[in-house]
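One letter stands for each residue in the lines below.
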Amino acid sequence: MDLSKLNPPQREAVVTLEGPLLVLAGAGSGKTRVITHRIVHLLNERPGLIMARNILAVTFTNKAATEMKERLVHMAGPRAQGVLVCTFHAFGAEMLREDIHRLGWPRKFAIADMGDQLANIRRAMREHKIDDRAFDARKVLTLISKAKNSGKAPEPKPEGIGDDYDLITHLVYPDYQLSLKAQGSVDFDDLLLLPARLLREHPDLYEKYTRRFRYLLVDEFQDTNTAQLELLKLLAGRSRNVCAVGDDDQCIYSWRGAEVRNILDFDRLFPGGKEVRLEQNYRSVQTVLDAANAVIAKNPERKAKQMWTDRKGGTKVKVVTCPNDEEEARFVAHEIQKHMALGISADDIAVLYRTNGQSRPIEEMLREKNIGYEVVGGSEFFDRREVKDVIAYFKVIVNKLDEISLLRIVNVPSRGIGDVTMERLSVHARGEGVTLWTVMKKAADYEDLPPGAGARVLDFVEMVERYRAAYEHGQLANVTRKLLEEIGFREATRAHATSATAADKKLKGVDGVLNSLENFEKREGPKASLLTYLNRLSLDTRQEEEEVPGANRRVTLMTVHASKGLEYRLVFFIGMEEDLMPHGGMQGEAQNLEEERRLCYVGITRAKEVLYLTRAATRVKRGKEVPRTPSRFLEDLPPEVIEVMDMDAPREGPPTTEEKNFFANLKERFKKPAVPGGPPGGAGPAGGAAR
DNA sequence: TCACAATGTATTTTT
DNA sequence: TACATTGTGA
């Protein structure tokens, strides 16, 4: 491996193998490069002493993990296969898969997804006679999660009385935790907390894991929360070979418990470590970097970094005002067309937005113009009713303790087991102190059920047991097909749908599940089981890549959050308006301006060459058209690096001279793909605004 | 128990 | 606007 291609700080980060190391890596500073080189260097440097299996690299998303692994294998060959690259959560799940029984959970535990979590919270709320409609269960979940992540044990009662939600949370928390365990489930937070407990409370396991993972790397360290840090500290053991890579300016997940302090206080958390700063930006041209620096500069409490680039000049950042959101979409689509005509590939283009809902108009417009696109995340696929139902079947089949899923599907499709029946059975279960499933197995014994219900329940139980056995032998997709056939799922869904097209859409969801099962089986081979499938599903909600040949060069649409770590030659950052960017938060109150600013910074720094910041003067919201105020962040942009465009009157006519000049210049710039060192400076368009 | 209609309410980001 | 939930009637 050639280390001479790295700049001095990068090289230092790569060759410092022992002890704690913090790499402050600004946007576009070649951070991933450093991580991969470092891992390969570890493998090269001490052959026989450091094996691939001794290295753990933690990334923020599964996507990042997959990509990093691929890069490693590409660089170092098959021996890199043994390096464990995954998210904190996936790592925790892996640990628990082996050792969770030491904490009293069943070995085949399930991972509760958000739906399960909310259902459990709602149930606990009802038990406390709290109206689960008057109070938002999601808010309660957020609070519970915060409490868990900050290391607080369930507390029965608050001392200083907070607001209603604090009160509810304290009431509900213990029940929530107990019911999860009773269902043999863990939630996302448990995937971090329980492994930490294993290491803390079981010396043999501490030995086992610290001995195996002697070299740790953490990417996106600024977005780790307290629980992750705790796990990391334990795992680091006595050798403390921790390499943390991150950028405090890109901490955008504090709403999920991320602690910027983890990166700011690294030297206190891991005393005696080294700190390296990567301040050269290899990604963006000067204009883009200037815009980004200007926006982030206004944040107090940063680790001062001075990002610079030698890609001088660059086209000015376009700040565009459109009359409304539809016109904004039209503008974006139109510009995309132009740039593609000039030779930019679709996969070099991204449209970024603050909220998932903003993708709609863009999608419609791109479809209209026949521009291929791909929406990252927000997939909604696994949120679809039918999909959730099928998954719930899996959950019940795998885990009969999962009452939430059981209640969900026991009458889907309708088989005459209604609320009354299940309510009565629940009462019996509680009275006898046994599980709902146990009671269902002897449903015939109860006199108080609606006529015929007992027999129907028994049929259902028998059916589930039969499929539980059937799934033992693999063939997940095939068995599922049979199951859906037997229960008449497709027919029922079709009958339920309002129209033929709606039915097709729903059934496509079902096909999607079967597809994803098939892919999973193909990938995992014989070790594919329904349980491992479900676990993977809750950890990685990415939809299976549709393998449409030829259609893979597409424009990317995603939230700014999802764009972290990615880069594109051409970026549209849309909706630069108050209440959107920065986001208004729910009903006024606490909006975290500093984080919104960082978010804006992240969005801007995704652009390598050309950046559009667009906004709509008016936007359709809730069916009504409302006027919008420009984002305050736009004010911070240095006038000399931006070009203001007002698309007030939508013109369809021939391009103006100014436009022609502008695109002529662009064409010049894009003739050759981004030469390192940058194109000749001052390539900005002649003249100013288009209007 | 179930199907359909009217009514009401929601809107951040994601492992 | 769009969707989910609630209430009504069979």
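Reading the values: rules and limits
Residues numbered from 1 in each chain as written. Chains lettered and ligands numbered in written order. Predicted model: local features only at pLDDT ≥ 70, side-chain atom pairs only at ≥ 80, totals over all residues. Heavy atoms only, no water. Axes fitted to C-alpha atoms, helices over the stretch in contact; angles between N-to-C directions. Helix = DSSP H or I, 4+ residues; strand = E, 2+ residues; numbered from the N terminus. Parallel < 35°, antiparallel > 145°, perpendicular 65-115°, else oblique. Contact = heavy atoms within 4.5 Å. Buried < 20%, exposed > 50% of the residue type's maximum accessible area, 1.4 Å probe, protein only. Lys, Arg positive; Asp, Glu negative; His and termini not counted. Salt bridge = Lys/Arg side-chain N within 4 Å of Asp/Glu carboxyl O. Polar contact = N/O pair within 3.5 Å; in protein donor to acceptor, adjacent residues only side chain to side chain. Domains from an automatic or database assignment. Buried area = accessible area lost by both parts, 1.4 Å probe. Nonpolar A, V, L, I, M, F, W, Y, C, P; charged D, E, K, R; others polar. Pairing = 2+ DSSP bridges. pLDDT = per-residue confidence, 0-100. Core = buried A, V, L, I, M, F, W, Y, C linked by side-chain atoms within 4.5 Å. Expected span 1.5 Å × (residues − 1).

**Focus: the packing of helix α6 (residues 137-149) against helix α7 (residues 164-182)**
Link 1 in the chain: Where α6 meets α7, the closest approach of the two axes is 9 Å, and the angle between their N-to-C directions is 70 degrees. By the angle class used here, α6 and α7 are roughly perpendicular. Along the contact surface, α6 presents K139, V140, L141, L143, I144, A147 and K148, while α7 presents Y165, D166, I168, T169, V172, Y173, Y176 and Q177.

**Focus: the side chain of R415**
Link 1 in the chain: With respect to the helices and strands, the residue R415 is situated in the loop between α17 (403-409) and α18 (419-432).
Link 2 in the chain: Of the side chains bearing the opposite charge, E486 lies closest to the buried R415, which forms no salt bridge; the N-O distance is 8.3 Å.
Link 3 in the chain: Among the polar contacts listed, one links the side chain of R415 to the backbone oxygen of I409, at a separation of 3.1 Å.
Link 4 in the chain: With residues up to four places along the chain from it excluded, the contact list for R415 reads Y393, I409, V410, R456, F460, M463 and I487.

**Overview of the domain arrangement of chain A**
Link 1 in the chain: Each assigned domain of chain A is listed here: domain 1 (8-100 + 191-279), domain 2 (111-183), domain 3 (297-380 + 549-646) and domain 4 (385-539).
Link 2 in the chain: The interface of domain 1 with domain 3 comprises 26 residues on the first partner and 19 residues on the second.
Link 3 in the chain: In total, about 2,000 Å² of surface goes out of reach between domain 1 and domain 3, with carbon and sulfur atoms giving 49% of it.
Link 4 in the chain: Across the contact surface, domain 1 and domain 3 share 7 salt bridges.
Link 5 in the chain: Of the charged contacts in the structure, one is a salt bridge between D249 and R302, with a shortest N-O distance of 2.7 Å.
Link 6 in the chain: Looking at the side of domain 1 that touches domain 3, the elements that each hand over two or more residues are β1 (21-25), α11 (260-264) and β8 (274-278).
Link 7 in the chain: Among the residues forming the side of domain 1 that touches domain 3, the class breakdown is 12 nonpolar, 5 polar and 9 charged.

**A closer look at the pattern of salt bridges**
Pairing between side chains of opposite charge can happen when their charged atoms approach one another.
Link 1 in the chain: This model, assessed by the stated rule, comprises 54 salt bridges.
Link 2 in the chain: Between K208 and E98 there is a salt bridge, with its nearest N and O atoms 2.8 Å apart. Taken together, the positions of K208 in helix α9 (residues 203-212) and E98 in helix α4 (residues 88-99) put the pair 110 residues apart, joining distant regions of the chain.
Link 3 in the chain: The class of E98 is partly exposed, set by a relative accessible area of 41%.

**Things to note about the sheet that holds strand β3 (residues 84-87)**
Link 1 in the chain: Across the sheet, 6 strands lie side by side as β3-β2-β6-β7-β1-β8; this open sheet has parallel pairing. Of all the strands in the sheet, the pair left with one neighbour each is β3 and β8. Within the sheet, the average angular offset between the axes of one strand and its neighbour, ignoring direction, is 15 degrees.
Link 2 in the chain: Here 4 bridges tie β1 to strand β7 (residues 242-246), and the two strands are oriented parallel to one another. Bridge assignment links L21 to a residue of β7, and that residue is C243.

**Observations regarding the confidence of the model for chain A**
Link 1 in the chain: Of the residues in chain A, 88% reach a pLDDT of 70 or more, and the chain-wide mean stands at 85.
Link 2 in the chain: Every residue in residues 650-654 scores below 50 in pLDDT, and together they form 4 contacts with partners more than four places removed in sequence or on other chains.
Link 3 in the chain: Note that pLDDT drops below 50 for residues 669-691; the model gives that stretch 41 contacts with residues more than four away or on any other chain.

**Section: the nonpolar core**
Link 1 in the chain: By size, the foremost hydrophobic cluster in this structure holds 83 residues, and its most contacted members are F573, I604 and L613.
Link 2 in the chain: Per-element accounting of this core gives the leading share, 7 residues, to helix α10 (residues 226-236).
Link 3 in the chain: If we skip the residues at most four places from it in the chain, L613 touches V317, K318, V319, V320, F573, M576, I604, L634 and L637.
Link 4 in the chain: With 48 residues, the next largest nonpolar core counts I409, L436, M463 and L484 among its residues.

**What to know about helix α2 (residues 31-45)**
Link 1 in the chain: Over its 15 residues, α2 extends 20 Å from the first C-alpha to the last, a length consistent with the 21 Å expected when each residue adds 1.5 Å.
Link 2 in the chain: Looking only at α2, the buried set comprises K31, V34, I35, T36, H37, R38, I39, V40, H41, L42 and L43.

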